[in-house]
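What follows is the residue order along each chain.
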Amino acid sequence: MALWMEKGSEPRTETEIADLDAIAALKQSAAIELKENGNEYVKMGKKHYSDAIDCYTRAINQKVLSDSENSVLFANRAHVNLLLGNYRRALTDAKEAINLCPTNIKALYRAVKASLSLNLLSEAKQYCEKGLQQSPENEELRKLARQIDLRKSDCERHESQISKAVAAAEGIVSAIEDRNLKIGKASFQELTGSKKPILDEDNILHWPVVLLYAEVMTSDIIEDFCETDMFSAHLDMISSDILPNMFSESCPPLPWDKEKSYSRDAVELYYEVGSGVGLSRKEILRYLLEGTAGSHIERFGDDEKHADDSLNHGNSTGRSPKWVQVNEKSTLYSILKEPDIVIPGIPVFFIVSRSSRFYKDFRTGKWAPPWLHD
């Protein structure tokens, strides 16, 4: 009997041929019934989608239907996988349906939908164009074509923003390296937010600079301190919002300056040395890209030595902080290039008044920033 024939052997008698034809007819009937059952399950809603997929799969596995009929089964299964959010499986099924029948418009439509959901825009566009060749007036495909073009435009714009952000960051890092500056872990970001240095067209760095009143740890920020500017120029700007009581006798003192010590001629600027560790080029790039379109990219390699983050904030040796006074006639760059400075993200300078009782403690190293006590 044909049922018991060895695999690969050919039927020899009319009975065997008849048996095989009967078996094929039964399998074909079963496949068609499974397809119809699958369609019914789809109509019954999401709870029955897995049953629909099972029916379509069993129908395909009968291996008795024509290519065009199997193409419909794969396209149907792609449809259910789309409904379930199984976009990769949906795309695989849609591709198989297209291979079996390149004119299957539903398969092409579902290939577009799945590709678009996976953000495979080139594939989505390819399948959409093939579908529109088959059905130029298909409004659903035309709508998808517009979505693809819009998505591609958005991606291109985003890629352009990333490229610009990376180019700007790399330019700043190169400028920092050319100047032999050392950048450490960013401090005071609660004050400075996303402020970063910028490099202008003349290859000059402009820094946001934090000024800290050491006595009370309040702060002001100079938004744009050109590296070629002298400190005195910024301190003397009457129109500036920085240190308002320092420019005129008519200005009221700062609320905490009970002794009225912080006058323009009494203040001094200092920077801290002997603390912090310089970051690697990769880490500086990551810092500069924070808050930009390029903040999530991974393209800088992993072969650079990383600084120990635990050493980047504050004095790691336990020594008293060392303060160096800033000559107001110095430029910002002439100070930042000093070999013992590690810039904590952006430059930070401490303001004290030599008329204040606090001044002696500061100068003798009896005072330290709060983070050194943590």
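For the structure, check the block above.
Residues numbered from 1 in each chain as written. Predicted model: local features only at pLDDT ≥ 70, side-chain atom pairs only at ≥ 80, totals over all residues. Heavy atoms only, no water.

Student: Even after reading the chapter, I still don't get the pairing of strand E6 (residues 348-353), so can you show me in this structure?
Tutor: Regular strands place their side chains on alternate faces of the sheet. Most of E6 is tucked away, with 6 of its 6 residues classed as buried. Bridging between strand E2 (residues 205-213) and E6 involves 4 bridges; their strand directions are parallel. Note that in E6 the partner of Tyr-213 across the bridge is Ile-351. Of the pairings in the sheet, the one linking strand E4 (residues 267-273) to E6 comprises 4 bridges and is antiparallel in character. Note that in E6 the partner of Tyr-270 across the bridge is Phe-350. (Buried < 20%, exposed > 50% of the residue type's maximum accessible area, 1.4 Å probe, protein only. Helix = DSSP H or I, 4+ residues; strand = E, 2+ residues; numbered from the N terminus. Pairing = 2+ DSSP bridges.)

Student: Help me understand empty space enclosed by the protein in this model?
Tutor: Remark: the empty space left among the atoms is shown by a probe the size of a water molecule rolled over them. Enumeration over the complete set of coordinates arrives at 2 cavities of 30 Å³ or more. Looking at the second largest cavity, its volume works out to about 40 Å³. Forming the boundary of the second largest cavity are Ala-186, Ser-187, Gln-189, Thr-192, Gly-193, Ser-194, Lys-195, Lys-196, Tyr-287, Pro-344, Gly-345 and Ile-346. Across the lining of the second largest cavity, the residue classes tally to 4 nonpolar, 6 polar and 2 charged. (1 Å grid on protein atoms, 1.4 Å probe; cavity = no way out; pocket = protein on both sides within 12 Å on 5 of 7 lines; lining within 4 Å. Points joined across faces, edges and corners; volume = space filled by probe spheres on them. Nonpolar A, V, L, I, M, F, W, Y, C, P; charged D, E, K, R; others polar.)

Student: Even after reading the chapter, I still don't get the side chain of Asp-257, so can you show me in this structure?
Tutor: Locating Asp-257 in the fold gives a position in the loop between helix H9 (231-235) and E4. Although Asp-257 lies buried, it forms no salt bridge, and the closest oppositely charged side chain, Lys-260, sits 8.7 Å away as judged by the N-O distance. One polar contact links the side chain of Asp-257 to the main-chain amide nitrogen of Tyr-262, over a distance of 3.1 Å. (Lys, Arg positive; Asp, Glu negative; His and termini not counted. Salt bridge = Lys/Arg side-chain N within 4 Å of Asp/Glu carboxyl O. Polar contact = N/O pair within 3.5 Å; in protein donor to acceptor, adjacent residues only side chain to side chain.)

Student: What am I meant to see in the packing of aromatic side chains here?
Tutor: Where two aromatic rings form a pair, the distance of their centres and the angle of their planes describe that pair. Taken as a whole, this structure holds 11 aromatic pairs when the rule is applied. Ring centres of Tyr-270 and Phe-362 lie 5.1 Å apart, and the angle between their planes is 70°; on these two criteria the pair is classed as edge-to-face. Taken as a pair, Tyr-270 in strand E4 and Phe-362 in helix H12 (residues 358-363) lie far apart in primary sequence, 92 residues in all. Phe-362 shares its class with Tyr-270; the two are buried. Where Trp-323 meets Phe-350, the ring centres are 4.8 Å apart and the plane angle is 65°; that geometry is what we call edge-to-face. (Phe/Tyr/Trp six-rings, centres within 6.5 Å; stacked < 30°, edge-to-face > 60°.)

Student: Before we go on, may I ask you to explain the pattern of salt bridges in this structure?
Tutor: When the charged atoms of two side chains with opposite charge come close together, those side chains can pair. The tally for this structure, following the rule as stated, stands at 15 salt bridges. Between Glu-139 and Arg-146 there is a salt bridge, and its shortest N-O distance comes to 3.2 Å. Accessibility expressed as a relative area gives 41% for Glu-139, which makes it partly exposed. Between Glu-177 and Arg-281 there is a salt bridge whose closest N-O contact spans 2.9 Å. Here Glu-177, found in helix H7 (residues 139-178), pairs with Arg-281, found in helix H10 (residues 281-289); they are 104 residues apart in sequence, far enough to count as distant. Residue classification places Arg-281 among the partly exposed residues on the basis of a relative accessible area of 29%. Where salt bridges share partners, they join Lys-125, Glu-129 and Asp-149 into one cluster.

Student: So what exactly am I meant to see when it comes to the environment of Pro-347 here?
Tutor: Along the polypeptide, Pro-347 turns up in the loop between helix H11 (332-336) and E6. The class for Pro-347 is buried, based on a relative accessible area of 2%. For the pair Pro-347 and Pro-197, spaced 150 residues apart in sequence, the C-alpha separation works out to 9.7 Å. Aside from chain neighbours lying at most four places away, what touches Pro-347 is Trp-207, Pro-208, Val-209, Val-210 and Leu-336. (Contact = heavy atoms within 4.5 Å.)

Student: Explain the nonpolar core here, please?
Tutor: Where a protein is soluble and globular, its nonpolar side chains tend to be buried together. Counting residues in hydrophobic clusters, the biggest one holds 55 residues, and the most contacted among them are Trp-207, Phe-349 and Phe-362. No other element matches the 8 residues that H7 contributes to this core. Residues Val-42, Ala-59, Leu-91 and Leu-144 belong to the second largest nonpolar core, which totals 36 residues. (Core = buried A, V, L, I, M, F, W, Y, C linked by side-chain atoms within 4.5 Å.)

Student: Help me understand the packing of helix H5 (residues 105-117) against H7, please; the structure alone is not making it clear to me.
Tutor: To characterise two packed helices, one gives the angle between the axes of the helices and the distance between these axes. Where H5 meets H7, the closest approach of the two axes is 11 Å, and the angle between their N-to-C directions is 25°. It follows from the interaxial angle that H5 and H7 lie roughly parallel. Crossing handedness for the pair H5 and H7: left-handed. Only Glu-140, Leu-141, Leu-144, Gln-147, Ile-148 and Arg-151 of H7 make contact with H5, whose side of the interface consists of Ile-105, Tyr-109, Val-112, Lys-113 and Leu-116. Here the residues of the contact of H5 with H7 are counted per class, giving 7 nonpolar, 1 polar and 3 charged. (Axes fitted to C-alpha atoms, helices over the stretch in contact; angles between N-to-C directions. Parallel < 35°, antiparallel > 145°, perpendicular 65-115°, else oblique. Left-handed = near helix turned anticlockwise from the far one by under 90°.)

Student: Hey, could you run me through unusual backbone geometry in this one?
Tutor: Positive phi, normally seen in glycine, also occurs at Lys-63, with a value near 55°. In this structure, Lys-63 sits in the loop between helix H2 (49-61) and helix H3 (67-84). Of note in this structure, Asn-119 is not a glycine but carries a positive phi near 60°. Looking at the secondary structure, you find Asn-119 in the loop between H5 and helix H6 (121-134).

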